[in-house]
Amino acid sequence: MYEKLPAIEPERIVSMGEGFILAPLTDDAVVEPADEPSDEYPLPVDERNWANKVVLRSSSLLHRVGANFVSRASIDAAQAVAERATAGKYSSDQVDPIVVGQGDASFPEELLRESLAAGVGIVTVAEVAVPIHVLGRVPDSLSVNFSELSRSANLDALPGGYDWPPYVSQADFANEDDYAAEVALRAMNGLRIAIADVRDLQTAYHAVTRTPLTLISYELLPPILPVGFRQLKGIGDPAAGSVLSVQTHENLWSWLAPPDLSPEQYEQYSNVRSRLDRMAFTSHLDLRREADVARRRDGDTRAAAIYSGLAAEALLDEVLLHLMWEEALTPEQAAGVWRDGLLSRVKKDYAPRLGGDWDITSQGAVGRWSRDCAELRHRAVHGGYEASYAEVDASMAALDGLLAYVCDRLCLPAKLRHYPRTALALAGPPGLKRRSQYSRRLVNLQADATETNWDEAFSRWREAYRRIRRQAQGFPRLPVVHESELIAVARPDGAKYFCLSHRETVLAVKVDVGPDVCSKNARVRVVADWLTDIDVTGFAEGGLSMGVSGTDLTGISIRGDWVEAYHLLPLASLMVDKSDLR
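No experiment lies behind these values; they were computed from the predicted model shown.

**So, the packing of helix H8 (residues 301-326) against helix H12 (residues 365-383)**
- In contact at an axis separation of 8 Å, H8 and H12 are set at 125 degrees when each is read in the N-to-C sense. Taken together, the axis directions place H8 and H12 in an arrangement best described as oblique. Note on packing geometry: the crossing formed by H8 with H12 is left-handed. In this structure, H8 contributes Arg302, Ala305, Ile306, Ser308, Gly309, Leu310, Ala312, Glu313 and Leu316 to the contact, and H12 contributes Trp369, Cys373, Leu376, Arg377, Ala380 and Val381.

Below, the structure written as structure tokens:
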């Protein structure tokens, strides 16, 4: 804040523009780092002006402050739980303190100082001075709440060097409250300038050191910040001006306990938790979670745009795969007809199955996904584009709209007749109920004991499809005989055979096991006798199998080619109609 515009001798001016004056630094303008620790800090304070400017967008000083490492790392919380869980047998009082170096009897001060000197528990705090271009004094009635201002202020993009409003004077305002409100709003803009400049410092530091850093964002700021206001003449005088503790945001996800589950949510949670490793449509949910974290907790709009786009792609691909599985295509058939390029599949493969509008240029859900989600992801991935908040919000809304649209199509009565399992897997009973389509037929289908386990069968089918596609793209699978397991199989149609199963490649091949092999291996002989005697004619589940692990495979001869294991092993069944079990 200024009593009047800063004056600089004309011959000292390097550059001028709207809102800034750049002057060269003199030798005494940069304070060298202190050699000794101060009373306030256990480490020397780095008082170099990292922004390397006097009057420009901002001026930054970096402070290295020691903090309680144990609390910051949540070690004390974990130790408290361990102490309670062991009825006091584990006590944090008996644990050696986490320090670096060797201390003496002056613990904890000396050990803390040694740890901090080694970098443990250090927090880097940026003190950023930003001009807000107000001609006047600091208002006596000044009250600032960035959390409230952020709801109305434009936070879409971090500002550049020319994003300042014009100078205003205290005399321009009719009353003190209006003037204080303008100062508070400009302080919010100053905070955005400070964030942008600190991000510049971090990016430059990373370019030099390659140290992994998380760039600061509005959402990652502490929930309370000290914000000082002073006039230009007060620079250099610590007692000048005033300091307020200002609430920055309500992004307290990492500080608050997660919400409790309702009885209905707990029932859904238990169901999902028990099936999570194999159920369909979990990939897009996890990517949607990553997008949400990046947007709402981290303020990382580039990551949010990428994750949102990936979630949509995962959703669309898995929907098409699930439809193909429910059509009883084999993984080999699906891999053979799978089109390269998501847009090609969207244009040609969904409408014949689900109907509706799949035009990527339309104003519908698919068109919004293409424009707001897919295109934004493309710009972020291939151009490093940092999306605005509004763009990310539109992308995530398009993702949610796409999911709702697919569920709407699946829940139409005509589509439910063909794809009831896909509708139940994606929309679920709750989604079907909301659309008044959860019929008795679907309830009976879910309870049908003759149905294959949908989660497990589709999971195996999808992974087989992926392996086949990858092999077709030039990544061969090379099964190793001596790493394989010998398995005896008896089929309901009377077929009996031995095969080798290679776990890593999920390939199997039929083999001949001659009398000489049985004669020198008792376990093989026992299994061979079992295979001769067993009768599984008419067995409903595709027959029985018995493995012989740790067997010397010398003398076993391979006949035929290695194939996907489901062709030979009943326990690897993956077809929706159980055709691979017959």
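Now that the structure has been shown, the text picks up again.
**Quick word on the pattern of salt bridges**
- Considering all chains together, one arrives at 28 salt bridges under this definition.
- A salt bridge links Arg137 to Asp140, with the nearest nitrogen and oxygen atoms 3.8 Å apart.
- The partner of Glu463 in a salt bridge is Arg466, with the nearest N and O atoms 2.9 Å apart. Pair noted here: Glu463 and Arg466 are both in helix H18 (residues 454-472), with a separation of 3 residues, about one helical turn.
- With a relative accessible area of 30%, Glu463 lands in the partly exposed category.
- Linked through salt bridges whose partners overlap, the residues forming this network are Arg288, Asp292, Arg296 and Asp400.

**Re the confidence of the model for the chain**
- Looking at the chain as a whole, the pLDDT averages 83, with 82% of positions reaching at least 70.
- Note that residues 51-55 has pLDDT below 50 and, in this model, 12 contacts with residues that lie over four places away or in other chains.
- Considering only residues more than four positions removed or in separate chains, one finds that residues 99-107, a stretch of pLDDT under 50, has 14 contacts.

Cut-offs used in this document
- Residues numbered from 1 in each chain as written.
- Predicted model: local features only at pLDDT ≥ 70, side-chain atom pairs only at ≥ 80, totals over all residues.
- Heavy atoms only, no water.
- Axes fitted to C-alpha atoms, helices over the stretch in contact; angles between N-to-C directions.
- Helix = DSSP H or I, 4+ residues; strand = E, 2+ residues; numbered from the N terminus.
- Parallel < 35°, antiparallel > 145°, perpendicular 65-115°, else oblique.
- Left-handed = near helix turned anticlockwise from the far one by under 90°.
- Contact = heavy atoms within 4.5 Å.
- Salt bridge = Lys/Arg side-chain N within 4 Å of Asp/Glu carboxyl O.
- Buried < 20%, exposed > 50% of the residue type's maximum accessible area, 1.4 Å probe, protein only.
- pLDDT = per-residue confidence, 0-100.

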